[in-house]
Amino acid sequence: MSTRIDLPQVRHLGPARLTAGLDRFQRLDLASHAHVHPPLPRPTRDNLLDLAERVDLRGRGGAGFPFARKARAAMATADRTGARPVIVVNGSEGEPPSAKDRMLLARAPHLVLDGACLAAAAFGAEEIVIGVTAGSPGEVSIPAALDERDLPCPARTVCLPERFVSGESSALIRGVNGLPVQPAAVRARAAEGGTGGVRRRPTLLSNAETWAQLAVAARLGPGAYAAVGTTAEPGTVLLTVNRPASGPLVVEAPFGTRLGDVLDACGLRPGAGVLVGGYHGAWLGPVDAVGAALSRTGLAGLGGTLGAGAIVALAADTCPLGEITRVAAWLAGESAGQCGPCRRGLPDAAEALAALATGADGPAVLEDVRRALGGAQGGGACSHPDGTARFVLSALDVFAQDVEAHVAGPGCGRPVLGVLPLPHDEGARLEVDWSRCAGHGLCGVLAPGLVRLGPHGYPASTTVPVAPWQEHGARRAVNQCPALALRMRRP
């Protein structure tokens, strides 16, 4: 594959394992991969499970679930039913501040495939499925890598839409099964039969970095793998450090590395606060951030989470509340809209945040935000409401002084610079033509979760973002508006 891949730069603190060779090669094809990485061993089923347990390999997509426990559950189902398992690589990364998995799939695809092939051979898999984001470099890089190598079983790629919830495990499995790519309304264990349509097959799913880490651990062995990191969390982790002026930088660092050291290496300061874990992560104040150990244990002690390893330092010259409001509105629109917390809780919170950012209604609006997010926690069909609530509520605590300035009146006086990354392409929006609108209020009846009416019966906003699950109601409102005052605008 000769096409140059435009992807984040890569850096490492400590040994380069997942990033080995990327200082010399733009992309590791099979020949360069074999030059950089030693031959891959062929462990048995028991040996591979034992290895994963000894290094305490955990998922690197955000939840941190033990890999060996998932694998043993899938193997138990395979043994009980006689169905061969399916190995699934989750390479869908719909979160704007995260780029590590996309980088691996595009620049080090064989390292990811090494891990998947190790498991497929050891566990007698029927198939390997790699989920990639449609239009991403991995859509080209992974099929090219599959064509280069021998495989223990058939393998294929599945392209998924670039949406935040597309990377949720049950959403990916639905996509593999040819269903709409959204989280399953009823939670089920993939290990007990995730893929395969009518004949359900036990499924072992992990994200791209997890499979690459498995390949590294198999080559090094548990002792050498644990030579870096902490006793409880050995090895390295990939971080996406967002740099507003220069684009994201993917950093490989040992577990336990101080966040302040990572920021220094990337030429950044903690600013007003640092987001760790991406848009389902949590904010840390600048003092806590500098000394925070980048590990699950280290961050949990500060009320944080490592999540998928995305890091954003918020510059001191932008309005924190305005930045949080932008992302909260985007997250509300990125939901699947299939449960109460996503249909009402997240939009209500986003609307209240927008009002708070303008200095409207003061303490009452702040209480509305907390009430809406409190109601969204713990009751969703997937983790999206909980993650969004953690992102916003931690921001309200870390940026309490800024929030107070908005509660008290005109706000902090700083502009919203758009430091927190969001997709450049806007989705559909519902627009109101005030020269036509007569305040009938029918739009609020036809699309109650989308159009909020003010005290006089007019829409409260002239432009409203429309999530995919809201489009039906938006079209009804446009088509039935007596004054022809509504229209849908698409990017």
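The shown structure was predicted, so the numbers you read here are calculated from the model rather than taken from an experiment.

> Which residues make up the environment of P137, and what are the values?
Its place among the elements puts P137 in the loop between strand 3 (127-133) and helix 6 (138-148). P137 gets classed as partly exposed once you look at its relative accessible area, which sits at 27%. Each C-alpha atom of the pair P137 and T325 lies 30 Å from the other, and the pair is 188 residues apart in sequence.

> Before we move on, could you go through the sheet that holds strand 7 (residues 249-254) and cite the residues and values that matter?
Read across the open sheet, the six strands follow the order 1-7-6-10-8-9; overall the sheet is mixed. Single-partner strands in this sheet number two, and they are strand 1 (9-12) and strand 9 (282-284). Averaged over all pairs of adjacent strands, the angle between their axes in this sheet comes to 25 degrees, without regard to strand direction. Pairing analysis gives three bridges linking strand 6 (residues 236-242) to strand 10 (residues 310-314), with the strands arranged parallel. When the sheet's bridge partners are listed, T240 is paired in strand 10 with A310.

> Residue-level account of the packing of aromatic side chains, with values.
For the structure on display, the rule yields seven aromatic pairs. With centroids separated by 5.4 Å and ring planes inclined at 85 degrees, the aromatic side chains of F67 and W211 adopt a geometry described as edge-to-face. Residue F67 is found in helix 3 (residues 67-81), and its partner W211 is found in helix 8 (residues 208-225); the two are separated by 144 residues along the sequence. Overall, the relative accessible area of 1% leaves F67 in the buried class.

> Describe the nonpolar core, and please don't skip the residues or the numbers.
Formed by 52 residues in total, the largest nonpolar core has its most connected members in I87, F123, I130 and W211. If you tally residues by element for this core, the top one is helix 5 (residues 109-123), at 10 residues. Contact partners of W211, with chain neighbours within four places excluded, come to F67, I87, V88, V89, L111, V112, G115, A116, A119, L204 and S206. Counting 40 residues, the second largest nonpolar core, distinct from the first, contains W283, C342, V369 and L396.

> Hey, could you go over unusual backbone geometry for me, with residue numbers and the actual values?
Even without glycine at this site, D56 takes up a positive phi of about 50 degrees. Among the structural elements, D56 can be located in the loop between helix 2 (45-54) and helix 3. By relative accessible area, D56 is classed as partly exposed at 24%. Non-glycine residue L484 carries a positive phi angle of around 55 degrees. By the element assignment, L484 lies in the loop between helix 18 (471-480) and strand 13 (486-489). L484 gets classed as exposed once you look at its relative accessible area, which sits at 58%.

> Can you tell me about the confidence of the model for the protein, naming the residues and giving the values?
Confidence along the protein averages 88 in pLDDT terms, with 94% of residues attaining 70 or more. Mean pLDDT across the elements of the protein ranges from a minimum in strand 12 (residues 463-465), with 70, to a maximum in helix 5, with 98. Scored below 50 in pLDDT, residues 1-5 shows nine contacts in the model against residues more than four places distant or in partner chains.

> Report on empty space enclosed by the protein, specifying residues and quantitative values.
Taken as a whole and assessed by the stated rule, the structure comprises three cavities of 30 Å³ or more. The volume enclosed by the largest cavity comes to roughly 100 Å³. Lining the largest cavity are 13 residues; nearest its centre among them are C437, H440, G441, C443 and C481. Tallied by class, the residues present in the lining of the largest cavity amount to 10 nonpolar, three polar and no charged.

> Requested: an account of the packing of helix 5 against helix 6, with residues and values cited.
In the contact formed by helix 5 and helix 6, the axes pass within 10 Å of each other and the chain directions differ by 65 degrees. Considering the relative orientation of helix 5 and helix 6, their crossing is right-handed. Between helix 5, through P109, H110 and L113, and helix 6, the contact on the second element is made entirely by S141, I142, A145, L146 and E148. Tallied by class, the residues present in the contact of helix 5 with helix 6 amount to five nonpolar, two polar and one charged.

> Provide a residue-level description of the sheet that holds strand 4 (residues 155-160), including the pertinent values.
With respect to topology, four strands assemble into an open sheet ordered 4-3-2-5, the strand pairing being parallel. Edge positions in the sheet fall to strand 4 and strand 5 (203-207), since each has one partner strand and no second. Strand-to-strand, the axes of this sheet are offset by a mean angle of 20 degrees, without reference to chain direction. Direction of pairing for strand 2 (residues 86-91) relative to strand 3: parallel, over a ladder of six bridges. Note that in strand 3 the partner of N90 across the bridge is G131.

How each quantity is defined
Residues numbered from 1 in each chain as written. Predicted model: local features only at pLDDT ≥ 70, side-chain atom pairs only at ≥ 80, totals over all residues. Heavy atoms only, no water. Helix = DSSP H or I, 4+ residues; strand = E, 2+ residues; numbered from the N terminus. Buried < 20%, exposed > 50% of the residue type's maximum accessible area, 1.4 Å probe, protein only. Pairing = 2+ DSSP bridges. Axes fitted to C-alpha atoms, helices over the stretch in contact; angles between N-to-C directions. Phe/Tyr/Trp six-rings, centres within 6.5 Å; stacked < 30°, edge-to-face > 60°. Core = buried A, V, L, I, M, F, W, Y, C linked by side-chain atoms within 4.5 Å. Contact = heavy atoms within 4.5 Å. pLDDT = per-residue confidence, 0-100. 1 Å grid on protein atoms, 1.4 Å probe; cavity = no way out; pocket = protein on both sides within 12 Å on 5 of 7 lines; lining within 4 Å. Points joined across faces, edges and corners; volume = space filled by probe spheres on them. Nonpolar A, V, L, I, M, F, W, Y, C, P; charged D, E, K, R; others polar. Left-handed = near helix turned anticlockwise from the far one by under 90°.

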